[in-house]
Amino acid sequence: MFALVDVNNFYVSCERVFDPKLVGRPVVVLSNNDGCAVARSNEVKALGVKMGAPWFQMADLAKKHGIVALSSNYTLYGDMSDRVMQILKSYVPNVEVYSIDESFLQLDGLTSVYPCFTDLGQQIRGRVLQWTGLPVCVGMAPSKTLAKLANHLAKKNPEFDGVCDLTAMSLADIDRYFSKLDVAEVWGIGRRLCVQLIDLGIETVQDLRNADPKRLRERFGVVMERTVNELQGVSCLALEEVTPPRKQIVSSRSFGQMVTTFNELRESVSTYMTSAAEKLRGQDSVCNLVHVFVETNRFREDHKQYNASMTVPLTEATNDTRRLIAAATFGLKQIYRPGFQYKKAGVILMELQPAAVRQQLLFKEEDPRSAKLMQTLDALNGQFGRNTLFMGSSGIQHRWSAKFESKTPRYTTDWSELPTVN
DNA sequence: TCTGGGGTCCTAGGACCC
DNA sequence: TCTGGGGTCCTAGGACCC
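Residues numbered from 1 in each chain as written. Chains lettered and ligands numbered in written order. Predicted model: local features only at pLDDT ≥ 70, side-chain atom pairs only at ≥ 80, totals over all residues. Heavy atoms only, no water.

As recorded in an unreviewed UniProt entry, chain A goes by DNA polymerase V subunit UmuC and comes from Oxalicibacterium faecigallinarum. UniProt, in its Sequence similarities (unreviewed entry) section for chain A, records the words "Belongs to the DNA polymerase type-Y family." (UniProt positions renumbered as here; feature names shortened; annotations may be inferred.)

Here you go:
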(Lines give C-alpha, C1' and ligand atoms only; values in the text may rest on other atoms or scores of the structure.)
Protein backbone atom coordinates (compact mmCIF):
# COMPACT_ATOMS: atom_id res chain seq x y z
CA MET A 1 0.00 0.00 0.00
CA PHE A 2 1.41 3.36 -1.10
CA ALA A 3 0.53 6.98 -0.58
CA LEU A 4 1.63 9.67 -2.99
CA VAL A 5 1.86 13.12 -1.45
CA ASP A 6 2.24 15.91 -4.00
CA VAL A 7 2.32 19.68 -3.49
CA ASN A 8 -0.22 21.51 -5.64
CA ASN A 9 1.39 23.83 -8.23
CA PHE A 10 4.57 23.62 -6.19
CA TYR A 11 6.64 26.63 -7.35
CA VAL A 12 3.61 28.89 -7.46
CA SER A 13 2.52 27.75 -4.00
CA CYS A 14 6.01 28.48 -2.62
CA GLU A 15 5.86 32.00 -3.99
CA ARG A 16 2.40 32.49 -2.48
CA VAL A 17 3.66 31.53 0.97
CA PHE A 18 5.98 34.52 0.91
CA ASP A 19 3.61 36.87 -0.92
CA PRO A 20 0.01 36.13 0.09
CA LYS A 21 -1.24 38.82 -2.28
CA LEU A 22 -0.66 36.27 -5.03
CA VAL A 23 -3.32 33.93 -3.63
CA GLY A 24 -6.32 33.78 -5.93
CA ARG A 25 -4.50 35.56 -8.73
CA PRO A 26 -3.27 33.93 -11.94
CA VAL A 27 0.46 33.27 -11.42
CA VAL A 28 3.18 31.64 -13.52
CA VAL A 29 6.78 30.90 -12.57
CA LEU A 30 9.18 31.21 -15.48
CA SER A 31 12.27 29.24 -16.47
CA ASN A 32 15.81 30.53 -16.93
CA ASN A 33 15.92 33.89 -18.75
CA ASP A 34 12.18 34.11 -18.06
CA GLY A 35 11.68 31.97 -21.16
CA CYS A 36 8.94 29.43 -20.47
CA ALA A 37 6.24 28.76 -17.89
CA VAL A 38 7.49 26.01 -15.59
CA ALA A 39 4.70 26.30 -13.02
CA ARG A 40 1.14 27.58 -13.28
CA SER A 41 -1.52 28.37 -10.74
CA ASN A 42 -4.95 26.83 -11.23
CA GLU A 43 -6.20 30.18 -12.54
CA VAL A 44 -3.54 30.13 -15.27
CA LYS A 45 -4.21 26.49 -16.12
CA ALA A 46 -7.88 27.41 -16.54
CA LEU A 47 -6.85 29.99 -19.13
CA GLY A 48 -5.36 27.19 -21.21
CA VAL A 49 -1.68 27.98 -20.67
CA LYS A 50 0.32 24.81 -21.23
CA MET A 51 3.36 23.65 -19.29
CA GLY A 52 6.48 24.97 -21.03
CA ALA A 53 4.61 27.64 -22.97
CA PRO A 54 6.91 30.52 -24.02
CA TRP A 55 6.19 33.62 -22.01
CA PHE A 56 6.34 36.02 -24.96
CA GLN A 57 3.54 34.10 -26.66
CA MET A 58 1.26 34.75 -23.68
CA ALA A 59 1.75 38.51 -23.68
CA ASP A 60 -1.81 39.35 -24.75
CA LEU A 61 -3.40 36.79 -22.49
CA ALA A 62 -1.28 37.95 -19.58
CA LYS A 63 -2.28 41.55 -20.07
CA LYS A 64 -5.95 40.73 -20.43
CA HIS A 65 -6.14 38.59 -17.29
CA GLY A 66 -3.47 40.22 -15.18
CA ILE A 67 -1.22 37.19 -15.02
CA VAL A 68 1.64 37.67 -12.58
CA ALA A 69 4.92 36.23 -13.88
CA LEU A 70 7.77 35.46 -11.49
CA SER A 71 11.35 34.41 -12.12
CA SER A 72 12.16 31.05 -10.56
CA ASN A 73 13.97 30.79 -7.23
CA TYR A 74 15.22 27.23 -6.92
CA THR A 75 17.00 27.81 -3.63
CA LEU A 76 13.68 28.71 -2.07
CA TYR A 77 11.87 25.74 -3.63
CA GLY A 78 14.58 23.33 -2.49
CA ASP A 79 14.33 24.62 1.06
CA MET A 80 10.54 24.39 1.13
CA SER A 81 10.77 20.88 -0.30
CA ASP A 82 13.06 19.78 2.53
CA ARG A 83 10.58 21.03 5.11
CA VAL A 84 7.70 19.15 3.54
CA MET A 85 9.69 15.92 3.32
CA GLN A 86 10.72 16.21 6.98
CA ILE A 87 7.07 16.40 7.98
CA LEU A 88 6.21 13.33 5.89
CA LYS A 89 9.04 11.38 7.48
CA SER A 90 7.61 12.18 10.90
CA TYR A 91 4.46 10.24 10.00
CA VAL A 92 5.87 7.20 8.23
CA PRO A 93 9.25 5.43 8.49
CA ASN A 94 9.63 4.52 4.81
CA VAL A 95 9.56 7.50 2.46
CA GLU A 96 10.79 7.79 -1.12
CA VAL A 97 11.43 11.39 -2.13
CA TYR A 98 10.50 11.03 -5.78
CA SER A 99 10.92 14.62 -6.94
CA ILE A 100 11.16 18.10 -5.53
CA ASP A 101 7.43 18.15 -4.77
CA GLU A 102 6.38 14.49 -4.49
CA SER A 103 6.99 11.62 -2.12
CA PHE A 104 5.78 8.05 -1.94
CA LEU A 105 5.02 6.69 1.53
CA GLN A 106 4.91 2.99 2.32
CA LEU A 107 1.77 2.28 4.35
CA ASP A 108 2.07 -1.50 4.78
CA GLY A 109 1.98 -2.63 8.38
CA LEU A 110 0.81 0.73 9.67
CA THR A 111 -2.88 -0.08 10.11
CA SER A 112 -2.47 -0.43 13.87
CA VAL A 113 -0.99 3.07 14.04
CA TYR A 114 -3.31 4.60 11.44
CA PRO A 115 -6.56 2.62 11.31
CA CYS A 116 -8.01 4.92 8.65
CA PHE A 117 -5.68 6.00 5.86
CA THR A 118 -8.02 8.76 4.75
CA ASP A 119 -7.73 10.27 8.22
CA LEU A 120 -3.96 9.98 7.99
CA GLY A 121 -4.06 11.79 4.65
CA GLN A 122 -6.07 14.61 6.16
CA GLN A 123 -3.69 14.87 9.12
CA ILE A 124 -0.75 15.15 6.73
CA ARG A 125 -2.50 17.80 4.65
CA GLY A 126 -3.35 19.81 7.73
CA ARG A 127 0.12 19.71 9.22
CA VAL A 128 1.96 20.49 5.98
CA LEU A 129 -0.35 23.44 5.40
CA GLN A 130 0.04 24.65 8.95
CA TRP A 131 3.80 24.27 9.17
CA THR A 132 4.85 25.30 5.65
CA GLY A 133 1.83 27.05 4.12
CA LEU A 134 1.84 24.62 1.19
CA PRO A 135 -1.28 22.77 -0.02
CA VAL A 136 -0.80 19.07 -0.76
CA CYS A 137 -3.01 16.28 -2.06
CA VAL A 138 -2.72 12.61 -1.10
CA GLY A 139 -3.48 9.55 -3.21
CA MET A 140 -3.47 6.02 -1.77
CA ALA A 141 -3.55 2.65 -3.53
CA PRO A 142 -1.91 -0.77 -3.69
CA SER A 143 0.58 0.27 -6.42
CA LYS A 144 2.55 3.40 -7.18
CA THR A 145 0.85 3.90 -10.54
CA LEU A 146 -2.57 3.69 -8.91
CA ALA A 147 -1.46 6.00 -6.09
CA LYS A 148 -0.50 8.55 -8.75
CA LEU A 149 -3.96 8.29 -10.27
CA ALA A 150 -5.59 8.52 -6.86
CA ASN A 151 -3.61 11.69 -6.26
CA HIS A 152 -4.86 13.04 -9.57
CA LEU A 153 -8.46 12.30 -8.57
CA ALA A 154 -7.91 14.00 -5.22
CA LYS A 155 -6.64 17.11 -6.98
CA LYS A 156 -9.33 17.36 -9.63
CA ASN A 157 -12.45 16.33 -7.73
CA PRO A 158 -13.51 18.51 -4.78
CA GLU A 159 -15.59 15.73 -3.24
CA PHE A 160 -12.37 14.01 -2.12
CA ASP A 161 -11.26 17.03 -0.11
CA GLY A 162 -7.66 16.44 -1.20
CA VAL A 163 -7.36 12.80 -0.11
CA CYS A 164 -8.31 9.79 -2.24
CA ASP A 165 -7.86 6.22 -1.00
CA LEU A 166 -8.77 3.87 -3.86
CA THR A 167 -9.09 0.93 -1.49
CA ALA A 168 -11.86 2.75 0.35
CA MET A 169 -13.89 3.12 -2.84
CA SER A 170 -16.30 0.71 -4.48
CA LEU A 171 -15.25 -0.92 -7.75
CA ALA A 172 -18.15 0.77 -9.48
CA ASP A 173 -16.97 4.18 -8.32
CA ILE A 174 -13.41 3.51 -9.47
CA ASP A 175 -14.72 2.36 -12.85
CA ARG A 176 -16.72 5.53 -13.14
CA TYR A 177 -13.76 7.81 -12.46
CA PHE A 178 -11.29 5.81 -14.55
CA SER A 179 -13.68 5.74 -17.51
CA LYS A 180 -13.62 9.51 -17.59
CA LEU A 181 -9.82 9.84 -17.36
CA ASP A 182 -7.69 10.02 -20.50
CA VAL A 183 -5.17 7.22 -20.81
CA ALA A 184 -2.51 9.95 -21.02
CA GLU A 185 -2.97 10.56 -17.29
CA VAL A 186 -1.36 7.23 -16.49
CA TRP A 187 2.19 7.43 -15.14
CA GLY A 188 4.47 6.15 -17.90
CA ILE A 189 2.13 6.93 -20.80
CA GLY A 190 3.59 9.92 -22.59
CA ARG A 191 2.71 11.63 -25.85
CA ARG A 192 3.93 8.95 -28.22
CA LEU A 193 2.50 5.94 -26.46
CA CYS A 194 -0.80 7.74 -25.97
CA VAL A 195 -1.26 8.12 -29.73
CA GLN A 196 -0.50 4.46 -30.35
CA LEU A 197 -2.82 3.31 -27.59
CA ILE A 198 -5.70 5.37 -28.94
CA ASP A 199 -5.09 3.74 -32.34
CA LEU A 200 -5.74 0.45 -30.60
CA GLY A 201 -8.96 1.80 -29.12
CA ILE A 202 -7.47 2.25 -25.67
CA GLU A 203 -8.57 5.77 -24.81
CA THR A 204 -9.26 5.88 -21.08
CA VAL A 205 -7.52 4.70 -17.95
CA GLN A 206 -10.27 2.12 -17.63
CA ASP A 207 -9.52 0.77 -21.15
CA LEU A 208 -5.86 0.32 -20.31
CA ARG A 209 -6.71 -1.25 -16.98
CA ASN A 210 -8.86 -3.83 -18.76
CA ALA A 211 -6.18 -4.62 -21.36
CA ASP A 212 -4.16 -7.82 -21.44
CA PRO A 213 -0.65 -7.06 -20.16
CA LYS A 214 0.95 -9.94 -22.06
CA ARG A 215 -0.51 -8.79 -25.34
CA LEU A 216 0.57 -5.20 -24.85
CA ARG A 217 4.04 -6.38 -23.95
CA GLU A 218 4.47 -7.89 -27.41
CA ARG A 219 3.93 -4.53 -29.02
CA PHE A 220 5.24 -2.05 -26.45
CA GLY A 221 7.72 -3.91 -24.28
CA VAL A 222 8.18 -4.70 -20.67
CA VAL A 223 7.57 -1.19 -19.33
CA MET A 224 4.01 -1.14 -20.67
CA GLU A 225 3.35 -4.59 -19.27
CA ARG A 226 4.41 -3.35 -15.87
CA THR A 227 2.17 -0.32 -16.14
CA VAL A 228 -0.90 -2.43 -16.93
CA ASN A 229 -0.12 -4.78 -14.06
CA GLU A 230 0.22 -1.84 -11.72
CA LEU A 231 -3.14 -0.51 -12.90
CA GLN A 232 -4.65 -3.86 -12.05
CA GLY A 233 -3.36 -3.54 -8.52
CA VAL A 234 -0.29 -5.77 -8.90
CA SER A 235 2.56 -3.74 -7.46
CA CYS A 236 5.65 -3.99 -9.69
CA LEU A 237 7.50 -0.88 -8.55
CA ALA A 238 8.96 -0.96 -5.06
CA LEU A 239 9.60 1.95 -2.77
CA GLU A 240 13.16 3.21 -3.33
CA GLU A 241 14.22 5.02 -0.22
CA VAL A 242 17.92 5.40 -0.91
CA THR A 243 18.68 7.44 -3.98
CA PRO A 244 21.62 5.87 -5.82
CA PRO A 245 24.38 8.23 -6.92
CA ARG A 246 23.81 9.91 -10.29
CA LYS A 247 25.16 8.17 -13.35
CA GLN A 248 25.67 11.45 -15.14
CA ILE A 249 25.65 15.09 -14.14
CA VAL A 250 24.49 17.77 -16.56
CA SER A 251 24.98 21.48 -16.30
CA SER A 252 23.76 23.65 -19.15
CA ARG A 253 22.04 26.97 -19.80
CA SER A 254 20.52 28.94 -22.59
CA PHE A 255 22.05 32.37 -22.99
CA GLY A 256 19.99 35.50 -22.53
CA GLN A 257 21.71 36.98 -25.53
CA MET A 258 23.39 35.38 -28.48
CA VAL A 259 27.04 34.53 -27.89
CA THR A 260 29.61 34.52 -30.65
CA THR A 261 33.12 34.48 -29.22
CA PHE A 262 35.16 31.59 -27.93
CA ASN A 263 36.00 33.44 -24.73
CA GLU A 264 32.37 33.98 -23.82
CA LEU A 265 31.64 30.31 -24.38
CA ARG A 266 34.72 29.32 -22.42
CA GLU A 267 33.66 31.38 -19.44
CA SER A 268 30.17 29.89 -19.49
CA VAL A 269 31.47 26.36 -19.79
CA SER A 270 33.84 26.96 -16.88
CA THR A 271 30.94 28.17 -14.77
CA TYR A 272 28.78 25.17 -15.66
CA MET A 273 31.66 22.82 -14.93
CA THR A 274 32.25 24.43 -11.55
CA SER A 275 28.72 23.61 -10.43
CA ALA A 276 28.77 20.16 -12.04
CA ALA A 277 32.03 19.35 -10.25
CA GLU A 278 30.51 20.44 -6.95
CA LYS A 279 27.67 18.00 -7.46
CA LEU A 280 30.16 15.32 -8.44
CA ARG A 281 32.12 15.75 -5.21
CA GLY A 282 28.86 16.02 -3.32
CA GLN A 283 28.11 12.41 -4.17
CA ASP A 284 31.73 11.30 -3.65
CA SER A 285 32.27 10.36 -7.27
CA VAL A 286 34.97 10.85 -9.84
CA CYS A 287 34.42 11.16 -13.56
CA ASN A 288 36.07 9.53 -16.56
CA LEU A 289 34.53 11.34 -19.54
CA VAL A 290 33.70 14.99 -20.02
CA HIS A 291 31.14 15.85 -22.66
CA VAL A 292 30.86 19.44 -23.84
CA PHE A 293 28.32 20.80 -26.31
CA VAL A 294 27.25 24.03 -27.99
CA GLU A 295 24.06 24.84 -29.89
CA THR A 296 22.74 27.66 -31.99
CA ASN A 297 19.11 28.82 -31.69
CA ARG A 298 17.02 26.09 -33.28
CA PHE A 299 13.98 28.37 -33.39
CA ARG A 300 15.72 30.84 -35.65
CA GLU A 301 15.35 29.20 -39.03
CA ASP A 302 16.85 32.30 -40.61
CA HIS A 303 20.14 31.70 -38.78
CA LYS A 304 22.88 29.28 -39.77
CA GLN A 305 22.54 26.25 -37.51
CA TYR A 306 25.43 24.51 -35.80
CA ASN A 307 25.23 21.89 -33.08
CA ALA A 308 28.42 20.25 -31.95
CA SER A 309 29.70 18.21 -29.06
CA MET A 310 32.77 16.29 -28.02
CA THR A 311 33.47 13.65 -25.43
CA VAL A 312 36.88 14.06 -23.87
CA PRO A 313 38.33 11.09 -21.97
CA LEU A 314 40.35 11.95 -18.89
CA THR A 315 43.68 10.24 -18.47
CA GLU A 316 42.72 9.59 -14.86
CA ALA A 317 39.32 9.70 -13.17
CA THR A 318 39.00 12.94 -11.25
CA ASN A 319 36.68 15.33 -9.47
CA ASP A 320 39.13 18.21 -9.52
CA THR A 321 37.41 21.30 -10.86
CA ARG A 322 40.48 22.68 -12.61
CA ARG A 323 41.18 19.46 -14.47
CA LEU A 324 37.54 19.07 -15.43
CA ILE A 325 37.43 22.64 -16.70
CA ALA A 326 40.62 22.04 -18.63
CA ALA A 327 39.14 18.98 -20.33
CA ALA A 328 35.90 20.80 -21.15
CA THR A 329 37.82 23.77 -22.48
CA PHE A 330 39.89 21.46 -24.63
CA GLY A 331 36.75 19.94 -26.10
CA LEU A 332 35.18 23.35 -26.59
CA LYS A 333 38.25 24.49 -28.46
CA GLN A 334 37.84 21.61 -30.90
CA ILE A 335 34.18 22.19 -31.63
CA TYR A 336 34.05 25.98 -31.59
CA ARG A 337 33.51 27.59 -34.98
CA PRO A 338 33.42 31.33 -35.43
CA GLY A 339 30.57 32.92 -37.35
CA PHE A 340 27.68 31.34 -35.45
CA GLN A 341 25.26 32.83 -32.93
CA TYR A 342 25.38 30.44 -30.02
CA LYS A 343 22.30 30.11 -27.84
CA LYS A 344 23.17 27.29 -25.47
CA ALA A 345 26.15 25.44 -24.07
CA GLY A 346 26.71 22.81 -21.45
CA VAL A 347 28.77 20.02 -20.00
CA ILE A 348 27.92 16.46 -19.03
CA LEU A 349 30.04 14.43 -16.62
CA MET A 350 29.84 10.78 -17.65
CA GLU A 351 31.21 7.39 -16.58
CA LEU A 352 31.01 8.27 -12.92
CA GLN A 353 32.38 6.01 -10.23
CA PRO A 354 32.85 6.32 -6.48
CA ALA A 355 35.99 8.25 -5.58
CA ALA A 356 36.96 5.57 -3.06
CA VAL A 357 37.41 2.97 -5.78
CA ARG A 358 39.89 5.05 -7.70
CA GLN A 359 42.21 5.07 -4.71
CA GLN A 360 41.90 1.37 -4.10
CA LEU A 361 42.45 0.43 -7.72
CA LEU A 362 46.07 1.41 -7.28
CA PHE A 363 46.61 -1.86 -5.40
CA LYS A 364 47.92 -4.80 -7.34
CA GLU A 365 45.96 -8.02 -7.28
CA GLU A 366 48.54 -9.85 -5.17
CA ASP A 367 48.51 -7.03 -2.67
CA PRO A 368 46.92 -8.33 0.55
CA ARG A 369 44.71 -5.26 0.59
CA SER A 370 43.04 -6.38 -2.62
CA ALA A 371 40.83 -8.81 -0.67
CA LYS A 372 39.40 -5.83 1.13
CA LEU A 373 39.02 -4.11 -2.23
CA MET A 374 36.98 -6.98 -3.58
CA GLN A 375 34.65 -6.72 -0.59
CA THR A 376 34.19 -3.05 -1.29
CA LEU A 377 33.51 -3.77 -4.93
CA ASP A 378 30.90 -6.37 -4.05
CA ALA A 379 29.19 -3.88 -1.81
CA LEU A 380 29.26 -1.30 -4.57
CA ASN A 381 27.84 -3.77 -7.05
CA GLY A 382 24.95 -4.21 -4.69
CA GLN A 383 24.56 -0.49 -4.28
CA PHE A 384 24.78 0.35 -7.97
CA GLY A 385 22.74 -2.50 -9.37
CA ARG A 386 23.55 -4.48 -12.48
CA ASN A 387 25.57 -3.24 -15.43
CA THR A 388 27.97 -1.45 -13.19
CA LEU A 389 31.58 -0.72 -13.81
CA PHE A 390 32.73 -2.42 -10.69
CA MET A 391 33.34 -6.02 -11.59
CA GLY A 392 36.85 -6.11 -10.17
CA SER A 393 39.92 -4.07 -10.88
CA SER A 394 41.04 -6.04 -13.92
CA GLY A 395 37.52 -5.81 -15.32
CA ILE A 396 37.61 -2.07 -15.05
CA GLN A 397 40.96 -1.76 -16.76
CA HIS A 398 39.77 -4.00 -19.54
CA ARG A 399 36.55 -2.19 -20.15
CA TRP A 400 38.09 1.22 -20.18
CA SER A 401 40.85 0.34 -22.59
CA ALA A 402 38.31 -1.35 -24.83
CA LYS A 403 36.14 1.72 -24.73
CA PHE A 404 38.87 4.10 -25.71
CA GLU A 405 39.87 1.94 -28.67
CA SER A 406 36.33 1.66 -29.98
CA LYS A 407 35.33 2.79 -33.43
CA THR A 408 33.75 5.96 -32.16
CA PRO A 409 36.30 8.69 -32.65
CA ARG A 410 37.85 9.69 -29.37
CA TYR A 411 40.19 12.48 -28.62
CA THR A 412 43.17 12.53 -26.38
CA THR A 413 43.69 15.42 -24.09
CA ASP A 414 46.85 17.26 -24.95
CA TRP A 415 47.45 19.31 -21.85
CA SER A 416 50.22 21.37 -23.41
CA GLU A 417 47.80 22.93 -25.87
CA LEU A 418 45.22 24.04 -23.37
CA PRO A 419 44.33 27.66 -23.14
CA THR A 420 44.85 29.31 -19.78
CA VAL A 421 41.94 28.82 -17.43
CA ASN A 422 41.13 31.11 -14.56
C1' DT B 1 13.11 40.17 -29.98
C1' DC B 2 11.60 36.60 -26.69
C1' DT B 3 11.19 29.40 -26.78
C1' DG B 4 14.08 25.41 -19.58
C1' DG B 5 17.04 22.07 -17.34
C1' DG B 6 18.12 17.58 -15.56
C1' DG B 7 17.49 12.87 -15.35
C1' DT B 8 16.40 7.32 -16.20
C1' DC B 9 15.36 2.97 -18.53
C1' DC B 10 14.59 -0.23 -22.54
C1' DT B 11 15.55 -2.15 -27.09
C1' DA B 12 17.73 -3.58 -31.27
C1' DG B 13 21.61 -4.55 -33.78
C1' DG B 14 26.51 -5.11 -34.51
C1' DA B 15 31.06 -6.46 -32.74
C1' DC B 16 33.26 -9.71 -30.47
C1' DC B 17 34.22 -13.86 -27.64
C1' DC B 18 34.42 -18.86 -26.52
C1' DT C 1 22.22 -28.07 -50.42
C1' DC C 2 24.33 -28.12 -46.07
C1' DT C 3 26.57 -23.14 -42.73
C1' DG C 4 26.34 -23.75 -34.12
C1' DG C 5 24.96 -21.84 -29.97
C1' DG C 6 25.23 -18.89 -26.34
C1' DG C 7 26.77 -14.98 -24.29
C1' DT C 8 28.51 -9.92 -23.24
C1' DC C 9 29.45 -5.28 -24.35
C1' DC C 10 28.61 -1.09 -26.72
C1' DT C 11 25.95 2.38 -29.14
C1' DA C 12 22.15 4.90 -30.92
C1' DG C 13 17.67 5.90 -30.67
C1' DG C 14 13.29 6.10 -28.51
C1' DA C 15 10.46 6.67 -24.75
C1' DC C 16 9.36 8.44 -20.35
C1' DC C 17 9.60 11.41 -15.89
C1' DC C 18 9.61 15.99 -13.04
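Q: I'd like a rundown of the sheet that holds strand β9 (residues 249-259), residues and numbers included.
A: Ordered by their spatial adjacency, four strands build an open sheet running β9-β12-β10-β11, and the pairing between neighbours is antiparallel. Each end of this open sheet is capped by a strand with a single partner; those strands are β9 and β11 (307-318). Direction aside, neighbouring strands of the sheet carry axes that sit 15 degrees apart on average. Strand contacts of helix α13 (residues 321-335): β10 (285-296), β11 and β12 (342-354), with the helix running at about 150 degrees to β11, the strand carrying the most contacts. (Pairing = 2+ DSSP bridges. Helix = DSSP H or I, 4+ residues; strand = E, 2+ residues; numbered from the N terminus. Axes fitted to C-alpha atoms, helices over the stretch in contact; angles between N-to-C directions. Contact = heavy atoms within 4.5 Å.)

Q: Go over the protein's contact with DNA strand B, please, and point to the residues and values.
A: Around DNA strand B, the structure places 25 residues, and the nearest of them are Lys 247, Val 250, Ser 252, Ser 254 and Lys 343. Close to the protein, within 4 Å, the atoms of DNA strand B are drawn from sugar and phosphate at a rate of 75%. Lys 247 places a side-chain nitrogen or oxygen 2.8 Å from a phosphate oxygen of DNA strand B. Arg 253 has a polar side-chain atom sitting 3.1 Å from a phosphate oxygen of DNA strand B. In terms of residue count, β9 provides more of the surface near DNA strand B than any other element does, six residues in total. (Near = heavy atom within 4 Å. Polar contact = N/O pair within 3.5 Å; in protein donor to acceptor, adjacent residues only side chain to side chain.)

Q: Let's hear about the sheet that holds strand β2 (residues 27-30): which residues, and what values?
A: Sheet architecture is open: three strands sit in the order β3-β2-β4, paired in mixed fashion. The open sheet has two free edges, formed respectively by β3 (37-40) and β4 (68-71), since each of these has just one partner strand. Here the average twist between neighbouring strands, direction ignored, is 30 degrees. By the bridge criterion, four bridges tie β2 to β4 in an arrangement that is parallel. The residue of β4 that forms the bridge with Val 27 is Val 68. Packed onto the sheet, helix α1 (residues 10-18) meets β2, β3 and β4 and runs at close to 110 degrees relative to β2.

Q: Go over the nonpolar core, please, and point to the residues and values.
A: The nonpolar side chains of a soluble globular protein tend to be buried, and buried together. Phe 10, Leu 105, Leu 107, Ile 124 and Leu 134 are the most contacted members of the largest nonpolar core, which has 37 residues in total. Residues in contact with Phe 10, not counting those within four places in the same chain, are Tyr 77, Met 80, Ser 81, Ile 100, Asp 101 and Leu 134. (Core = buried A, V, L, I, M, F, W, Y, C linked by side-chain atoms within 4.5 Å. Buried < 20%, exposed > 50% of the residue type's maximum accessible area, 1.4 Å probe, protein only.)

Q: So what's going on with the state of the cysteines? Residues and values would help.
A: Counting across every chain of the model gives zero disulfides. Cysteine Cys 14 remains unbridged, with the sulfur of Cys 137 as its closest cysteine sulfur at 15 Å. Judged by relative accessible area, Cys 14 falls into the buried class, the value being 0%. Here Cys 137 is not cross-linked by a disulfide; its sulfur's nearest cysteine counterpart is in Cys 164, at 10 Å. (Disulfide = S-S within 2.5 Å.)

Q: For the pairing of strand β5 (residues 95-99), give the residues involved together with the corresponding values.
A: The side chains of a regular strand alternate, residue by residue, between the two faces of the sheet. In this sheet, strand β6 (residues 102-106) lies alongside β5 in antiparallel orientation, the contact comprising four bridges. Following the sheet pairing, Val 95 is matched in β6 by Leu 105. What sits between β5 and β6 in their antiparallel hairpin is a turn of two residues.

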